[in-house]
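In case you want the letters, here they are:
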Amino acid sequence: MSKFGELIDVEIPVLLDFYTDGSDESVAMHPIMRDVAAALGDKAKVIKIDVDKNKELAEALRVKGLPTLIIYKNGEMKWRHSGEQDADTLIGIIQEYV
């Protein structure tokens, strides 16, 4: 979990995408997350977290529905959403925290 603290305790917004390959909605978010990362460049980080490989973290953050999207900045959770989002909406939300 200490690595997780290092990931989110940064000056730029960090968008976490909790997913599993067994969820169609999660898989549908892959290209959207790629588009978001490309659009934001170095203004934000986009990190995908496979809940099957990170069960402890998913439980600690109470991730139930997939995909679950969370934005952190300076180690603090700023926004959270369960379910799909389109790229434009995500980019707009992240830009509020840049």
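Structure's up top.
Residues numbered from 1 in each chain as written. Predicted model: local features only at pLDDT ≥ 70, side-chain atom pairs only at ≥ 80, totals over all residues. Heavy atoms only, no water.

(A) Region of interest: the side chain of His-30. In this fold, His-30 is placed in helix α2 (residues 24-40). Beyond its immediate stretch of four places on either side in the chain, His-30 contacts Tyr-19, Asp-21 and Lys-48. (Helix = DSSP H or I, 4+ residues; strand = E, 2+ residues; numbered from the N terminus. Contact = heavy atoms within 4.5 Å.)

(B) View of the sheet that holds strand β4 (residues 76-82). In spatial order, the strands read β2-β1-β3-β4; together these four strands make up an open sheet with mixed pairing. The strands lining the two open edges of the sheet, one partner per strand, are β2 (45-50) and β4. Averaged over all neighbouring strand pairs, the angle between strand axes comes to 20°, with direction disregarded. Looking at chain direction, strand β1 (residues 14-19) and strand β3 (residues 68-73) are connected through five bridges and run antiparallel. Pairing of Leu-16 across the sheet is with Ile-70, part of β3. Of the strands in this sheet, β1, β2 and β3 touch α2, which is tilted by about 165° from β1. Helix α4 (residues 87-95) contacts β1, β3 and β4 of the sheet and is inclined by roughly 20° relative to β3. (Pairing = 2+ DSSP bridges. Axes fitted to C-alpha atoms, helices over the stretch in contact; angles between N-to-C directions.)

(C) Inspection of the pairing of β2 at higher detail. As paired strands, β1 and β2 are joined by six bridges and run parallel to one another. The residue of β2 that forms the bridge with Asp-17 is Lys-48. For the segment spanning β1, α2 and β2, crossover handedness is right-handed. (Right-handed = clockwise from strand over helix to strand, strands pointing away.)

(D) Layout of the pattern of salt bridges. Within the structure shown, the criterion is met by two salt bridges. The salt bridge involving Lys-48 is made with Asp-17; its shortest N-O contact spans 2.6 Å. In this pair, Lys-48 is assigned in strand β2 and Asp-17 in strand β1, connecting sequence segments 31 residues apart. Residue classification places Asp-17 among the buried residues on the basis of a relative accessible area of 0%. (Salt bridge = Lys/Arg side-chain N within 4 Å of Asp/Glu carboxyl O. Buried < 20%, exposed > 50% of the residue type's maximum accessible area, 1.4 Å probe, protein only.)

(E) Examining α2 more closely. With 17 residues, α2 should reach 24 Å at 1.5 Å per residue; the first-to-last C-alpha distance of 25 Å fits that figure. Along α2, the largest kink reaches about 30° and is centred on His-30; proline Pro-31 follows within four residues of it. Residues Ser-26, Met-29, His-30, Ile-32, Met-33, Val-36 and Leu-40 constitute the buried set of α2. Among the structural elements, β1, β2, β3 and α4 are those in contact with the buried residues of α2. Just beyond α2, the residue with positive phi is Gly-41, at close to 55°. (Expected span 1.5 Å × (residues − 1). Bend = angle between axes of the 7 residues up to and from the residue.)

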